[in-house]
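Coordinate analysis (summary)
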Amino acid sequence: MEKLGLIEQVDVRSVWESESSDFTPWLAENGNLTLLGNELGIELELEAQEKAVGPFRADILCKDTADASWVLIENQIERTDHKHLGQLLTYASGLEAVTIIWISTEFTEEHKSALDWLNQITNDSVRFFGVEIELWRIGNSPAAPKFRVVCKPNDWGNTIRQAADDLAEASPAEQLRMKYWSAFREHLQEQQSKLRPQKPAPNHWYSLSIGTSRAHSSALLITKESKIGVELCINSDNAKAIFAELYRKKSEIETAIGSELDWRELPEKKVSRIVLFKQVDPNNEADWPQQFAWLQTTLEKFDLVFRPLFAHRAFG
C-alpha cells in the first residue's frame, strides 16, 4: 500500500511577512485572483493595487468580468478588527464598489455577523464576502493556499425576491423571458457547464463572462422575431479597434465556431457586436431543452474562441 502523507497547516506569516509588500502583490497575480474567483464563483480582472480613495488606499481593485462592475478586495493577514471593517465601508462607498471582499486569516463572530447583516439590508446589486486565507502542506511539499468563504450573500434568496419584484408588474414578454432564463440557468447547472450562469432577469439578453471586462458573451431571446442567438459584445473604450482586429481574423474565427457570423461594427455606437442567430419558437416550452442545448454549445464555442484572444492580445 502506498504510504500516505500528513496534512499540516502553515503559519501565513512564515510565507507573507508583510500584508502590503508580500500578500497583496501575491494575490494581485492573475493566477491567484483566479483561485479566489473560483472559490467565489466570479471572474476577476485586476484594475489597480493600492487604489487611492481620498486619503486612504484600498488594497486591490478589480472588475467582475461578467458585467464590468467594480470589486474591492481588502486584505488582513491577521484576525479581523473594527478598523478594517470601517476601511472596507469607506473604500466601498468612495469607489462605488458592487462586490466587496474582505480577506483575513480569522474572522470573529462579530465581523461575520456584520457582513451577514450588510448582505441582508442591501439589495442584490451590492455583495459582501468574507474569506479566510489558509496555507497547507503535505510533508515537505511547498505550502499551498486555500481560500475558505465564511460569509457570502444569500444569492438564492435574493434571486427569488428580485424575480418576484421584477415580475410583479411585468409584461407577458418579460414574464416569458424571466421564465426562459431561469430555466436556462438551471440547464447550465444541471449540465455542469463551465459557463458561469448569472442571475436571471426579464431582459432579452443573458450575459456571461469571457474573462475580460472589455467584452462579454450573451445569450439572446428575440421573441418578436422568433429567434435565439449568441453574441460577443465588445464594450470597451477602444471597441472599434478591437472589432477591426477581430474582423481581420474573421475566416479563422468562423471556422473555429463552425458558422458564418453577423459582424456588426455599429459605428454610431460605443459597442460592437458579433452575433449568431437561430430561428426557433420561444413560446414552445417543449422545445426549450433543444434551444438550451444549442445556446450552451454556441456559448461554449464563443468562450473557447474569444477568451484566449482577449487573454493574449493587447488590442491597441
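Up top you'll find the structure we're talking about.
Residues numbered from 1 in each chain as written. Predicted model: local features only at pLDDT ≥ 70, side-chain atom pairs only at ≥ 80, totals over all residues. Heavy atoms only, no water.

Some details on the layout of surface pockets
Of the volumes computed, that of the second largest pocket is approximately 420 Å³. In this structure, the second largest pocket is lined by 20 residues; those nearest its centre are Asn30, Thr34, Glu43, Leu44 and Gly211. Of all the elements in the fold, those that place two or more residues in the lining of the second largest pocket are helix H2 (30-40), strand E2 (44-53) and helix H9 (288-312). For the lining of the second largest pocket, the class distribution of residues is eight nonpolar, six polar and six charged. (1 Å grid on protein atoms, 1.4 Å probe; cavity = no way out; pocket = protein on both sides within 12 Å on 5 of 7 lines; lining within 4 Å. Points joined across faces, edges and corners; volume = space filled by probe spheres on them. Helix = DSSP H or I, 4+ residues; strand = E, 2+ residues; numbered from the N terminus. Nonpolar A, V, L, I, M, F, W, Y, C, P; charged D, E, K, R; others polar.)

Quick word on the packing of aromatic side chains
For the coordinates displayed, the defined rule picks out 17 aromatic pairs. By way of ring pairs, the aromatic residues Tyr180, Trp181, Phe184, Tyr206, Trp288 and Phe292 are connected into one cluster. Over the ring of Trp70 we find Lys63; its NZ or CZ atom is 4.9 Å from the centre of that ring. (Phe/Tyr/Trp six-rings, centres within 6.5 Å; stacked < 30°, edge-to-face > 60°. Lys NZ or Arg CZ within 6 Å of the ring centre and 35° of its normal.)

Focus on the environment of Ser20
Within the secondary structure, Ser20 is located in helix H1 (residues 19-28). For Ser20, a relative accessible area of 47% gives the class partly exposed. For Ser20 and Gln76, which are 56 residues apart along the polypeptide, the C-alpha to C-alpha distance reads 9.2 Å. Excluding residues that lie within four positions of it along the chain, Ser20 makes contacts with Pro25 and Glu50. (Buried < 20%, exposed > 50% of the residue type's maximum accessible area, 1.4 Å probe, protein only. Contact = heavy atoms within 4.5 Å.)

A few points about helix H6 (residues 172-190)
For H6, spanning 19 residues, the distance from its first C-alpha to its last is 27 Å, which sits close to the expected 27 Å at 1.5 Å a residue. Where H6 is concerned, the buried positions are Leu176, Arg177, Met178, Tyr180, Trp181, Phe184, Arg185, His187 and Leu188. Note on H6: the residue one or two positions beyond its end, Gln192, has a positive phi of about 55°. (Expected span 1.5 Å × (residues − 1).)

Let's talk about the nonpolar core
Within the largest apolar cluster, 37 residues are counted, with the highest numbers of intra-cluster contacts made by Phe184, Leu232, Leu246, Ile253, Leu295 and Phe306. Every element with two or more residues in this core is listed here: H6, strand E8 (205-209), strand E9 (215-222), strand E10 (227-234), helix H7 (239-247), helix H8 (250-257), strand E12 (272-279) and H9. Ranked by the residues each element gives to this core, the list is headed by H9, at 10 residues. If we skip the residues at most four places from it in the chain, Leu295 touches Tyr180, Trp181, Phe184, Ala219, Ile228, Gly229 and Val230. (Core = buried A, V, L, I, M, F, W, Y, C linked by side-chain atoms within 4.5 Å.)

Re the side chain of Asp59
Residue placement: Asp59 occurs in strand E3 (residues 56-64). At 2.6 Å, the side chain of Asp59 and the backbone nitrogen of Asn75 are in polar contact. (Polar contact = N/O pair within 3.5 Å; in protein donor to acceptor, adjacent residues only side chain to side chain.)

Just distances and angles here, no functional claims.
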